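Residues per chain are reported as follows:
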Amino acid sequence: MTTTDVPAAALPGVPDHADVIVVGAGITGLSTAIMLRDAGRRVIVLEQDVPGALASGRNTGKASLLQGTRLSTIRRHHPAALVRAYAQANRAGQDWLRRACERAGVGFREATAYSYAQSVDGLDAVDAEVRAGREAGLPVRRVRDVADDVPFPLAGAAALDEQLALDPAELMRGLAELFVASGGDLVTGIRVLGVRATDPVRVRTSAGVFTAGSVVIATGTPILDRGLYWAKASGVRSMLVSFELPSAGPAGSPGAGTGLPDGLYLSVDDPSRSIRSADWGGRTRLIIGGGDHPTGRADTAELLDEILDWTRAWWPDAGDPDHWAAQDYHSLNTVPFVGRMPRGRGRVWFGTGYGKWGLTNGVAAGIRISHEILGARRPDWARTIGTRLTRPADLANGAVAGIRTGVAAVQGWVGALRSPEAEIAPMPPEGAGGIARRGLRPVGISTVGGDTCEVSAVCPHLGGVLNWNAAESTWDCPLHASRFDHRGRRIEGPAVADLARADAAPLEVVLRAARSSATAERDAGVEEPAAVGGEAAPGPAATRGATTSG
């Protein structure tokens, strides 16, 4: 990825200045952008991929205020007022989502959410969540039986009615269209490489420099090192699997089939299981989630197999599955980090640490950020969350996370230096990848779709040695959760650069060889091709609204 330090005037019809630039077209970015457009601000959204390409469009689609053991976990470490503020923030996010879906024509349904115990050993956790939910002002019920005829073990549950179930990919499409229709500018296929908090703020990208009065970093984990939030929130991936059942009717209907639940289920004990039915892509599907693991530190193929085996034990007729995964970041003090970024001179905002509940927490972050940018009075819950104190348990969590990261760093380098030289390393079979070395330099070799690639196995963020993710065919960093595809292209995380291709010659060598080949062919009477070159990354694409000024 290349960059220039000149204005981004090469993008047709897109201004290079706005009141606010939002980096990232996920749930936080698009909700913030829509709120600011509704207030008349000129907004540009810059997105590396497409809207909702990562966690925002690839989750289970549960926008619930009952979130497993989230409330009771916060309550163990923080006062009741903070838990109440957290619940109010999520309610505000859920209410905004409901209205936005109606504006954008995105379908959703209301269902009962259950935090359930798989055995009697988990009932204490259920009871703790009921107490924390009621203390936070939510009408949480303790139930022994559920309305669905579920086949899996359920010893008891906390229940909360009228929670939202939706298709996250459809939601992101609708929000993107809503933003553009309001007059916003959405630019995809462009990577942000840095931000300077000058006046105006300068945003350096792969297509040049944009400027704005304010910038919102909405990239899952901040791509800027200010505040060191990659060390304060740990990256966690979850596996998701979708099955079609032979007897399934529309989700929530009497003909949905035996054991196809209408409710939204999340276990409070291990192994973690998220269960719901959904009408996605014109088909009713059973959606199972689980296999939570720190990014880059688990055997993902084994985790996927465990979920498949578990599902088929309780739904023997489940068809061939589709599988994917999503990554979110867990704040080490259990509450999201949102607000002005340190050393941003009051002009750079961010949000991270949603703990897998980004559909509501991400919108709540957008509500707070938009209020602050507009100079409006923040909601009471935002002030309570924003002034919370660091507790001893938060420091302990940070210390433990730091130790684990240090151990992962040492193990990665020790393993890499013990690996074989790349010249004698075995060729990986299809779908496999492994670490080798060239001298003291770790390299990753993988084969995907018949394409064998060798890339640097050192994360460009802070130098961690990458691990191969067999379930997704990616290189994942076990330190701070940056991820790259098998060719080395950056996917997500605090890293902003691609991995170097160890099997690619320098550009001038490639061009020299191409010219020599063309000359030889011309001398032999062969017509010279119009151009010689390698694979090109897709360029930026801009989608503009009907108006560009507030």
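Quick note: structure is the one above.
To start, this report covers the structure provided alongside it. (Residues numbered from 1 in each chain as written. Predicted model: local features only at pLDDT ≥ 70, side-chain atom pairs only at ≥ 80, totals over all residues. Heavy atoms only, no water.)

### Regarding the overall build of the protein
1) Next: For the protein, the count of helices and strands is 10 helices and 25 strands.
2) Next: Burial status across the protein gives 53% buried among its 550 residues.
3) Next: Of the accessible surface of the protein, which amounts to about 22900 Å², a share of 53% is contributed by carbon and sulfur atoms. (Helix = DSSP H or I, 4+ residues; strand = E, 2+ residues; numbered from the N terminus. Buried < 20%, exposed > 50% of the residue type's maximum accessible area, 1.4 Å probe, protein only. Areas by Shrake-Rupley, 256 points an atom, 1.4 Å probe, with all protein chains shown as cover.)

### Focus on the environment of Arg 285
1) Next: In this fold, Arg 285 is placed in strand S14 (residues 283–294).
2) Next: Note on Arg 285: relative accessible area 4%, which makes it buried.
3) Next: For the pair Arg 285 and Glu 244, spaced 41 residues apart in the sequence, the C-alpha separation amounts to 4.8 Å.
4) Next: The contacts of Arg 285, once residues within four sequence positions are left out, are Ser 242, Phe 243, Glu 244, Leu 260, Arg 276, Ser 277, Ala 278, Trp 280, Asp 320 and Asp 322.
5) Next: Here the side chain of Arg 285 touches Ser 242 through a polar contact of 2.6 Å, side chain to side chain. (Contact = heavy atoms within 4.5 Å. Polar contact = N/O pair within 3.5 Å; in protein donor to acceptor, adjacent residues only side chain to side chain.)

### Considerations on the nonpolar core
1) Next: Counting 69 residues, the largest nonpolar core has Leu 171, Leu 175 and Trp 381 as its most contacted members.
2) Next: Among the elements that line this core, the one with the most residues is helix H3 (residues 80–104), at 11 residues.
3) Next: Apart from the residues lying within four places of it in its own chain, the contact partners of Leu 171 are Ile 27, Leu 97, Cys 101, Val 106, Leu 166 and Leu 359.
4) Next: Counting residues in hydrophobic clusters, the runner-up holds 26 residues, among them Met 239, Leu 303, Ile 307 and Trp 310. (Core = buried A, V, L, I, M, F, W, Y, C linked by side-chain atoms within 4.5 Å.)

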